[in-house]
Amino acid sequence: MRLLTLPAIAIVLALMVAPMAMLLRYSLNLYTPTELMVEAFTARNYVQLFADPYFREVLGVTLKVAALTTGIALLLGLPAGYTLARMPRRWKMWLTLATILPLMVGNVVRSAGWMALLGNSGLFNALA
């Protein structure tokens, strides 16, 4: 059974962990205004992040926005999820659909646009 998870683990490692590891390595390079990034292995960027008041303020605002967003998502999402989980089975499907359907509107509109351009009687075939 554990062998079945290996492809998913490989995909997560390749698409999420590897880029983050590369970003961490790049963050340890030396920054110079003329060359932008010089191969090195220094923590100077992180020291500057906590030493410079400007960077500290930007980090503080970023963390505040992240905390506020997380709090709002929890305040709105937990009661809705709890209510949905406790609903009778016959209503659960319809409310799940009502929750997910608005998220699909953008994809449907985009698909309709591509069909209008690339369809058999679309704009591209009419021009050709």
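In what follows, the accompanying structure is described. Being a predicted model, the structure only gives us computed values, none of them experimental.

**Comments concerning helix α3 (residues 53-86)**
An α-helix turns once per 3.6 residues; consequently, residues spaced three or four apart project the same way.
Part 1: Taking 1.5 Å per residue as the helical rise, α3 with its 34 residues ought to reach 50 Å, and the 49 Å between its terminal C-alpha atoms agrees with that figure.
Part 2: Along α3, the sharpest change in direction is near 25 degrees and occurs at G77; proline P79 comes one to four residues later.
Part 3: For α3, the side-chain oxygen to backbone nitrogen distance between the N-cap and Y54 is 3.1 Å, and the N-cap itself is D52.

**Focus: the environment of M93**
Part 1: Considering the arrangement of structural elements, one finds M93 in helix α4 (residues 89-118).
Part 2: Considering only alpha carbons, one finds M93 and I11, 82 residues apart in sequence, at a separation of 31 Å.

**A short note on unusual backbone geometry**
A negative phi angle characterises most non-glycine residues, just as the trans form characterises most peptide bonds.
Part 1: Backbone geometry places L36, a non-glycine residue, at a positive phi of 65 degrees.
Part 2: Within the secondary structure, L36 sits in strand β2 (residues 36-38).
Part 3: Residue classification places L36 among the exposed positions, given a relative accessible area of 53%.

**Section: the packing of helix α2 (residues 44-51) against α3**
A pair of packed helices is captured by two measures, namely the crossing angle of their axes and the spacing between those axes.
Part 1: Packing of α2 against α3 leaves a shortest axis separation of 5 Å and a crossing angle of 80 degrees. It follows that α2 is roughly perpendicular to α3 by the angle criterion. Note on element contacts: α3 touches α2 through P53, F55, R56 and L59, opposite Q48, L49, F50 and A51.

**Quick notes on a nonpolar patch on the surface**
Part 1: On the surface, L3, L6, I9, I11, V12, L13, L15, M16 and V17 cluster together into a nonpolar patch covering about 900 Å² of accessible area.
Part 2: Mapped onto the fold, L6 is located in helix α1 (residues 6-27).
Part 3: Taking the relative accessible area as the measure of exposure, L6 reaches 47% and is therefore partly exposed.

**Regarding the side chain of S27**
Part 1: Considering the arrangement of structural elements, one finds S27 in helix α1.
Part 2: With a relative accessible area of 19%, S27 lands in the buried category.

**Thoughts on the side chain of N29**
Part 1: Positionally, N29 belongs in the loop between α1 and β1 (30-32).
Part 2: For N29, the residues in contact, after removing those within four places along its chain, are M37, V38, E39, A40, T42 and N45.

Thresholds applied
Residues numbered from 1 in each chain as written. Predicted model: local features only at pLDDT ≥ 70, side-chain atom pairs only at ≥ 80, totals over all residues. Heavy atoms only, no water. Helix = DSSP H or I, 4+ residues; strand = E, 2+ residues; numbered from the N terminus. Expected span 1.5 Å × (residues − 1). Bend = angle between axes of the 7 residues up to and from the residue. Polar contact = N/O pair within 3.5 Å; in protein donor to acceptor, adjacent residues only side chain to side chain. Buried < 20%, exposed > 50% of the residue type's maximum accessible area, 1.4 Å probe, protein only. Axes fitted to C-alpha atoms, helices over the stretch in contact; angles between N-to-C directions. Parallel < 35°, antiparallel > 145°, perpendicular 65-115°, else oblique. Contact = heavy atoms within 4.5 Å. Patch = residues over 30% accessible without salt bridge, like charges linked within 9 Å, V, L, I, M, F, W, Y side chains within 5 Å. Areas by Shrake-Rupley, 256 points an atom, 1.4 Å probe, with all protein chains shown as cover. Salt bridge = Lys/Arg side-chain N within 4 Å of Asp/Glu carboxyl O.

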